[in-house]
Each structure stands twice: as C-alpha cells, then as structure tokens.
Amino acid sequence: MLNDLGKKADILDNLNEIKKIDKSGMLELQKKVPEFIQDAIERARNLVIPSDIEIKGKKLKYYNFSQIIGVGMGGSAISFDFLRSFLRYANVKIPVESNRDYNLPPYADENTLVVLISYSGNTEETLSCFLDAIEKGCPVVTLTSGGILEAFCLKFGLPYVKLPSGLPPRASLPYLFFPLLIVLEKLNIHPSFEKETLAVVKVLKELKDELKPETLIIDNLAKRIAICLYNKIPLIYGHTFFDGVAYRLKSQFNENTKILAFPAVFSELNHNEIMGWEAADEKLIEPFYPILIRDPDEPPAIKARIEISRDQIILKKKKQVIEIMARGEGVLAKMFSVTYIGDFTSVYLAILYGTDPTPVDSISLLKSQLAERTKLKEDIQVKFDSL
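Residues numbered from 1 in each chain as written. Predicted model: local features only at pLDDT ≥ 70, side-chain atom pairs only at ≥ 80, totals over all residues. Heavy atoms only, no water.

Draft legend 1. The nonpolar core, seen in detail. In this structure, Tyr62, Phe130, Leu158 and Phe177 are the most contacted members of the largest nonpolar core, which totals 121 residues. Among the elements that make up this core, the one with the highest residue count is helix H12 (residues 331-352) (14 residues). Excluding its chain neighbours within four sequence positions, the residues that come into contact with leucine 158 are Ile53, Ile55, Leu60, Tyr62, Phe130, Ile134, Val140 and Cys153. In this structure, Phe266, Ile306, Ile314 and Val321 belong to the second largest nonpolar core, which totals 14 residues. (Core = buried A, V, L, I, M, F, W, Y, C linked by side-chain atoms within 4.5 Å. Buried < 20%, exposed > 50% of the residue type's maximum accessible area, 1.4 Å probe, protein only. Helix = DSSP H or I, 4+ residues; strand = E, 2+ residues; numbered from the N terminus. Contact = heavy atoms within 4.5 Å.)

Shown next, in the form of structure tokens:
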C-alpha cells in the first residue's frame, strides 16, 4: 500500500517534526474525539425543550412534526447528512433534510422542526434561515458556541445547546452531531440512542491507539493511506449510509490537507462516474486515487457493484485502490469509524506536504470580502432587532 517516498515518509514517525508542522495541534484534537463525544452528550442532556413558545403572536409548537430541516454549512451541514443517513437505517420514520442555503424551502411550516447549527454562531446563511424559520412559525432548536445565534436564542428563550468555543469547526463534529440525537430523544422522536453512541465511543477508543501519532507507520492505517495518497487526488466512493461519510472525507482533504478531492456514491456512480475510467488518454486518470469505503455487512447488490467496478474497470487503469473497512457494531459506529480513519489520514497527508492543517486562509479571505461587499449580517441584525 505504500508509495515510494523514500525518507520523506519517515516524518510521520517523527513526533518532533510533526509538532513543527501541526502547529495548532490538530492531531491532538483527533485523539480527543471519543472524549468530545461523551462531553457533547452530557451538554445536550441539560437541554430543556418547552411545549411551545410565543414570538410576535406566533406560537412555535414543539410537537407533531412532519419533518426535520437541518440548517448549517460545512461541518454543521455534514452533521445533518450523517443524521439523515443514520435515521434512515435506524428505521426512524421522519424525513430529515440538510439545508445549505440562505432561506428555508417554501414547504417549511409550523409542523417543521428546524435545527440550526453554527459553531461560531455567526454563519450568515444560518442566521438568515433563523429569521426565515421565525417568520414561518417553525419551532427552532439551535447548537452553537455563542455569537449572534446565541443572542437570538437568549432573546426569545429558544432551546439551544451551548457548545465549547475555541475548536476549529471541522474538529467539532462530535459536538455538532451527537447533541442532535439527544434532541430527538427529548422530542420523543426516538426513545434512546444510548446503545448506538456507546458503540461509537468503544470503536473510536480502539482505533485511537492504532491511528495516533505515536503508532508507527507499519501499524498505522491512516499513515499508510496518507503515503499512498501523496501527490494524488482522492476519489472517495461511499455507499448506503456512507454517503455523508464520503463527503466528510472529501471536506477533510480540502480543509486539512489543502487539496482537491471528490466524493461519489454506489450505486449512482455506476450510472455516470464509472465511465470516466474509460478515458482514452490515461494521463487524465493518473492523478486520481480511488478510496472505497467498505462494510463487512454490505448488501449483496452493493458488494457486487463495488467488486465488479474495482476488479473489471478501475484496476484495469490503476495498479491498486485503497479500501477502508468499517468497524464497530451498528450503523453509527461504522460511519464514525471510517470518518475517524479519514480524519487522521487527512492530517497525516498534510504533514507529508509540510502543511499546517489548521489554518483555512481562503475561507477566512472569502468571509472577510463578503462582509465588506454584502453587509448581510448588518441587515440580519436590523431584522432581528425589529422582532
């Protein structure tokens, strides 16, 4: 599985050199994920959800939901992608939708639970949707560490989970996802997810010892995958409940490693993307490296699609592929085991490139320029003050 990088790969086993590159300690945050999950659940257990709240003559009713719309961007939206996939395979019979926009869809109404996540509390798309939800009479629950969104909740007495500040949003996935399960419990949408969350913590604690920086390349799956991906563009192929996971891995390569990466999902990719492997000029394929997310309990049709695609099509163009096998008991544990492996991999690959994984300069630049050009937050604040 190892590319021939010579001595360059040895940096992944040199803790002092790793610390010089990973200046803000992203790897240390990865090691703390199991503890973050437990803390996130405890914080959410303090949430009190009223039966209803009245705002400007509109009564927000916290019962009898026909659907859930999750509002967020980046890692916040991925939390809802995870929730949608998990609930579908956990047989929870209420639709969940991720909303990555400035406004809610027109069918959102008083029977739509709107859950808004902004780690900073200042994400402009999320703030805009907050106002839209109030105007439509949608019951609202929020997860945030502070900012304008917390001020909104405090003004109206709306239920929200207070998150710890100071983390890069992408490292706060435990705080952005697991409180959602407690919200569903408190709203009587599902009696308990304790068994599933315990399974996640168990498998991640086991994986931590394998993936942590102290574990040498020979025994460290994430380091070995990172070496394979050096100077390559990852193509992450998920399936079933790994659709959101594939997108999460793509995003981590973008933000941590600062490289392009692309996700796709079986069996949809068999109806379009698979044709890209027929490129007449193999130079068009050479930069790409496929990562197949696998599951020991794959449905037979999905298993057949993956293996035919791998053996009869992809491996005719590539010498090898990467396969990440999910671990743990149950859907949620499998989802987070692959996520955890991918998160570590993205950081180790950044280190191979000599790139500090934490800064996101292009995102910061874009936000700064938007603030100067649109003044949207000022407009939102004016609307908020008028309520």
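Draft legend 2. A look at the side chain of asparagine 99. Position of asparagine 99 relative to the elements: it lies in strand S4 (residues 96-99). Setting aside anything within four residues of it in sequence, one finds asparagine 99 in contact with Ile69, Gly70, Val71, Gly72, Leu104, Pro105 and Cys129.

Draft legend 3. Up close: the pattern of salt bridges. Enumeration according to the criterion identifies 26 salt bridges in this entry. In this structure, glutamate 28 and lysine 31 form a salt bridge, with 3.4 Å as the shortest nitrogen-oxygen distance. A residue pair is termed a helical-turn pair when its members lie 3 or 4 positions apart in one helix, as glutamate 28 and lysine 31 do in helix H2 (residues 26-31) at 3 residues. On the basis of relative accessibility, which here comes to 38%, the residue glutamate 28 falls in the partly exposed class. Measuring nitrogen to oxygen at the nearest pair gives 3.8 Å for the salt bridge that ties aspartate 81 to arginine 84. Of the two residues, aspartate 81 and arginine 84 both sit in helix H4 (residues 75-89), 3 residues apart, roughly one turn of that helix. (Salt bridge = Lys/Arg side-chain N within 4 Å of Asp/Glu carboxyl O.)

Draft legend 4. How the structure looks around the packing of aromatic side chains. For the coordinates displayed, the defined rule picks out 14 aromatic pairs. Considering the side-chain rings of phenylalanine 177 and phenylalanine 178, the 5.0 Å spacing of their centres and the 90 degrees angle between planes classify their relative orientation as edge-to-face. The exposure class assigned to phenylalanine 177 is buried, which follows from its relative accessible area of 0%. Note on phenylalanine 178: relative accessible area 1%, which makes it buried. Here phenylalanine 344 and tyrosine 348 contribute two aromatic rings whose centre-to-centre distance is 6.1 Å and whose plane-to-plane angle is 25 degrees, an arrangement assigned as stacked. With phenylalanine 344 and tyrosine 348 both in helix H12 and 4 residues apart, this pair spans about one turn of that helix. Comparing phenylalanine 344 with tyrosine 348 shows no difference in burial state: the two are buried. Through a chain of ring-to-ring contacts, the aromatic side chains of Phe82, Phe177, Phe178 and Phe336 assemble into a single cluster. Arginine 100 extends its terminal NZ or CZ atom over the ring of tyrosine 247, reaching a point 5.6 Å from the ring centre. Residue placement shows lysine 318 over the ring face of tyrosine 289; its charged tip is 6.0 Å from the ring centre. (Phe/Tyr/Trp six-rings, centres within 6.5 Å; stacked < 30°, edge-to-face > 60°. Lys NZ or Arg CZ within 6 Å of the ring centre and 35° of its normal.)

Draft legend 5. Expanded view of helix H3 (residues 33-45). Between the first and last C-alpha of H3 there are 19 Å, a value that for 13 residues agrees with the 18 Å anticipated at 1.5 Å per step. For H3, the secondary structure elements touched by its buried residues are H2, strand S7 (160-162), helix H7 (173-186), helix H8 (194-211) and H12. (Expected span 1.5 Å × (residues − 1).)

Draft legend 6. Region of the structure containing the sheet that holds strand S5 (residues 112-118). Ordered in space as S4-S3-S5-S6-S7, the 5 strands form an open sheet in which the pairing is parallel. Lying at the two open borders of the sheet, with one neighbouring strand each, are S4 and S7. Direction aside, the axes of adjacent strands within the sheet are offset by 15 degrees on average. As judged from the 5 bridges shared by strand S3 (residues 67-71) and S5, these two strands associate in the parallel manner. (Pairing = 2+ DSSP bridges. Axes fitted to C-alpha atoms, helices over the stretch in contact; angles between N-to-C directions.)

Geometry only, nothing functional implied.
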